[in-house]
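# Descriptive analysis of the structure
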Amino acid sequence: MGTSAYSYYAVKQKGARIAAFFNFCQNFMNNLVDFHDSDARFLNTVLDWVRWGSSQFSEAGLYFGHGTQTSWDEALYLVCWCIDQPWDAFDKIQHAALTATEKEKIYRLYMRRIGERVPAPYLTGVAWFAGLPYKVTPDVLVPRSPIAELILNSFEPWLDNPPHTILDLCTGSACIGITCAHQFGQASVDVSDISEPALNVAHKNVEFHQVQDRVNIVHSDGFENLQGRSYDLIVSNPPYVDDDDFASMPKEYHAEPKLGLTSGADGLDFTRRLLKEAALFLNDGGLLVVEVGNSYVALEAAYPNVPFTWPDLEHGGHGVFILTKQQLQQYF
């Protein structure tokens, strides 16, 4: 590239950055003007803002499924985050008056949630999984796997003994692997993912939870860089959304990394690989636990003779199967 071409490119890039910054400032100022001109300026208490936000979210037709299930809970989550208060403090603080700064902060966050249609945890940078907070960015899926319930129940009755070695495959934020490390205090845990940006988030969560001594981060496409390792327990929440489901998903899901969601026409491209290779990385008596969500129908149709165990989940969710090493060796 010649000097003049390079200079043109540099100027063009600088111009794009300036334009983006100008648009950001303009949107920011518009939000402030909108707030001072809107009925929201008459809202005073925590309850006022949660009620108003819930109504705004319902009217906008937002989708909830990334940590909350209703417009009320979504508004409550965002208000509590803005004023640095826990969710369960609502009864104590619902009639507390908010400052002007707090009101504007909440208003701007509400407008972003409505305008951008991104999951709320991407706006706050925090998501909760199995009762623990995790840092999140758009480089990872928002933690919500029903596998959390199985972890907190120590995978009973399917695990005969506490695992000493655990693999969290397709780890994303590392929420599953870190929660396993908390649940099984003597276990060594590997967390693995193909996405380097996701592993950067995982690294931050490992440090935040102070489990660096027991949680090891591995960059790997499936089992590719895990050769020579074996585990008592492999847990995976891999991509499993089929093409039709992905196309019909609400906008909030399209804000998440597609790499972590989709896996071919029937959603099972990665799961097929996993089933064929997992036994080689399991110790005798080892267990494989995998979430496949709605693709459980396609999985059972593809492998009608495999005795998948589908645990009943008390707290909701579906599509999580369990297989033993012996079953994997027999059927795959």
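Here, every reference points to the structure presented above.
One structure accompanies this document, and this report is about it.

How each quantity is defined
Residues numbered from 1 in each chain as written. Predicted model: local features only at pLDDT ≥ 70, side-chain atom pairs only at ≥ 80, totals over all residues. Heavy atoms only, no water. Axes fitted to C-alpha atoms, helices over the stretch in contact; angles between N-to-C directions. Helix = DSSP H or I, 4+ residues; strand = E, 2+ residues; numbered from the N terminus. Parallel < 35°, antiparallel > 145°, perpendicular 65-115°, else oblique. Left-handed = near helix turned anticlockwise from the far one by under 90°. Contact = heavy atoms within 4.5 Å. Nonpolar A, V, L, I, M, F, W, Y, C, P; charged D, E, K, R; others polar. Buried < 20%, exposed > 50% of the residue type's maximum accessible area, 1.4 Å probe, protein only. Salt bridge = Lys/Arg side-chain N within 4 Å of Asp/Glu carboxyl O.

## Overview of the packing of helix α3 (residues 71–82) against helix α5 (residues 100–116)
Orientation of α3 relative to α5, taken along the N-to-C sense of each, is 140°, at an axis distance of 9 Å. By the angle class used here, α3 and α5 are oblique. The handedness of the crossing between α3 and α5 is right-handed. Within the contact between the two elements, α3 uses Glu 74, Ala 75, Leu 78, Val 79, Trp 81 and Cys 82 and α5 uses Lys 105, Ile 106, Leu 109, Tyr 110 and Arg 113. The residue inventory of the contact of α3 with α5, partitioned by class, reads eight nonpolar, no polar and three charged.

## Focus on helix α8 (residues 175–183)
In terms of residue burial, α8 counts as a mostly covered element, since seven of its nine residues are buried. Residues of α8 that are buried include every one of Cys 175, Ile 176, Gly 177, Ile 178, Thr 179, Cys 180 and Ala 181, and no others.

## A few points about the pattern of salt bridges
Tallied over the full model, the rule gives 10 salt bridges. In this structure, the salt-bridge partner of Asp 269 is Arg 272, at a minimum N-O distance of 3.8 Å. With a gap of three residues between them, Asp 269 and Arg 272 both fall in helix α12 (residues 269–277), about one helical turn apart. Across the salt bridge formed by Asp 284 and Lys 325, the nearest N and O atoms sit 3.1 Å from each other. In this pair, Asp 284 is assigned in strand β7 (residues 282–291) and Lys 325 in helix α14 (residues 325–331), connecting sequence segments 41 residues apart. Taking relative accessible area as the criterion, Lys 325 reaches 12% and is therefore assigned buried. Through salt bridges that share partners, Glu 74, Arg 113, Arg 117 and Glu 252 make up one connected network.

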